[in-house]
Amino acid sequence: MGNICRSPAAEAIFRHRMAAVGISIEVDSAGTGGWHAGEAPDPRTQRVLGDHGIAPVGTARQVRPSDFDRFDLVVAMDRDNRDNLLAAGADPSRVRLLLEWHPERGGEDVPDPYHGGPDGFLHMYRLIDRACEALLAELVAGRGSRSGDAHSNPH
C-alpha cells in the first residue's frame, strides 16, 4: 500500500528479468497510499533483492489517475490494493493480481512482509519472482496487454 516492500520488489525483479532476455517494457510501481512517498524501498526489500543480484529501483509514490490511462495493465499485490485501485477509477478489465500468473498460487495475495522478519521478505521475493517470470513470458508472447506496457502496483 505504501510502495516500499512488494511493489518495488516486483518492479526490480521484472526489470531484472526483462534485461536478462533483452526486452524493454515500461514498468513502474506505486502505492495506493502516499505515506511513504519519496522514500527508498524498505531496507529488508533491498537486502533480499541484493541477495539475488537485483538492484532496487525507484522511490515510493502514490498512484495517480493518469496511471490508469498510461498503463495497459495495472498489477496489484493483494485484493485490498486491487479494490483501492478500482475505487480510484481503474478499468476493472486492466487490473489483475500478480499471483494470477504464479503457477501454483493462482490469484492469491502476495503477503505483506512489512511487520515480519527476513523470512517474510524471502517468501515475498520467491512468490513475486515466479509470477514475474510467467507474466513476462505472457507479455513477450503478446497475450498480456494491448501494447505491452505493465505497471507493478503496490507496496
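Figured I'd write up the structure that's included with this text. Note that the structure is a prediction, hence the values are computed from the model and not measured. (Residues numbered from 1 in each chain as written. Predicted model: local features only at pLDDT ≥ 70, side-chain atom pairs only at ≥ 80, totals over all residues. Heavy atoms only, no water.)

### Description of the overall build of the protein
Inclusion rule: Put simply, DSSP marks the helices as runs of H or I at least four residues long and the strands as runs of E at least two long, and each gets a number from the N terminus on. Throughout, radius of gyration means the C-alpha value; the globule benchmark is 2.2 Å times the number of residues raised to the power 0.38. Per-residue accessibility, obtained with a 1.4 Å probe over protein chains only, is compared with the maximum for each type, and a residue is labelled buried under 20%, exposed over 50%, and partly exposed between these values.
Of regular secondary structure, the protein possesses five helices and three strands. Ordered by position in the sequence, the α and β elements of the protein form the string α-α-α-β-α-β-α-β. Taken against the 2.2 N^0.38 rule, which gives 15 Å for 155 residues, the C-alpha radius of gyration of the protein at 14 Å falls within 12% of a compact globule. Each of the three principal axes of the protein carries a C-alpha extent, and together these read 35 × 35 × 25 Å. Taken over 155 residues, the protein has a buried fraction of 48%.

### Quick notes on the pattern of salt bridges
Note on pairing: side chains with opposite charge can pair once their charged atoms come close. Rules: Within this document, salt bridges are pairs made up of a side-chain nitrogen of Lys or Arg and a carboxyl oxygen of Asp or Glu, the two lying within 4 Å of each other.
Throughout the structure, instances matching the rule amount to 14 salt bridges. With a shortest N-O distance of 3.9 Å, Asp28 and Arg70 are connected by a salt bridge. In this pair, Asp28 is assigned in the loop between α1 (6-21) and α2 (43-51) and Arg70 in helix α3 (residues 67-70), connecting sequence segments 42 residues apart. Accessibility expressed as a relative area gives 16% for Asp28, which makes it buried. A single salt-bridge network, built from bridges that share partners, covers Glu26, Asp28, Arg61, Asp67 and Arg70.

### A short note on unusual backbone geometry
Although it is not a glycine, Asn3 sits at a positive phi angle of roughly 70 degrees. Structurally, Asn3 is set in the segment before α1. Asn3 sits in the buried class, given a relative accessible area of 2%.

### A look at the packing of aromatic side chains
Put simply, the rule reads: Paired rings are identified among Phe, Tyr and Trp, the last through its six-membered ring, by centres lying within 6.5 Å, and are further divided according to the angle between planes into stacked (under 30 degrees), edge-to-face (over 60) and tilted (the rest). Comment: the charge-over-ring label is applied if NZ (Lys) or CZ (Arg) is within 6 Å of the ring centre and within 35 degrees of the ring normal.
Overall, the coordinates contain zero aromatic pairs when judged by the stated rule. Positioned over the ring face of Tyr114 is Arg44, at 5.4 Å from the centre of the ring.

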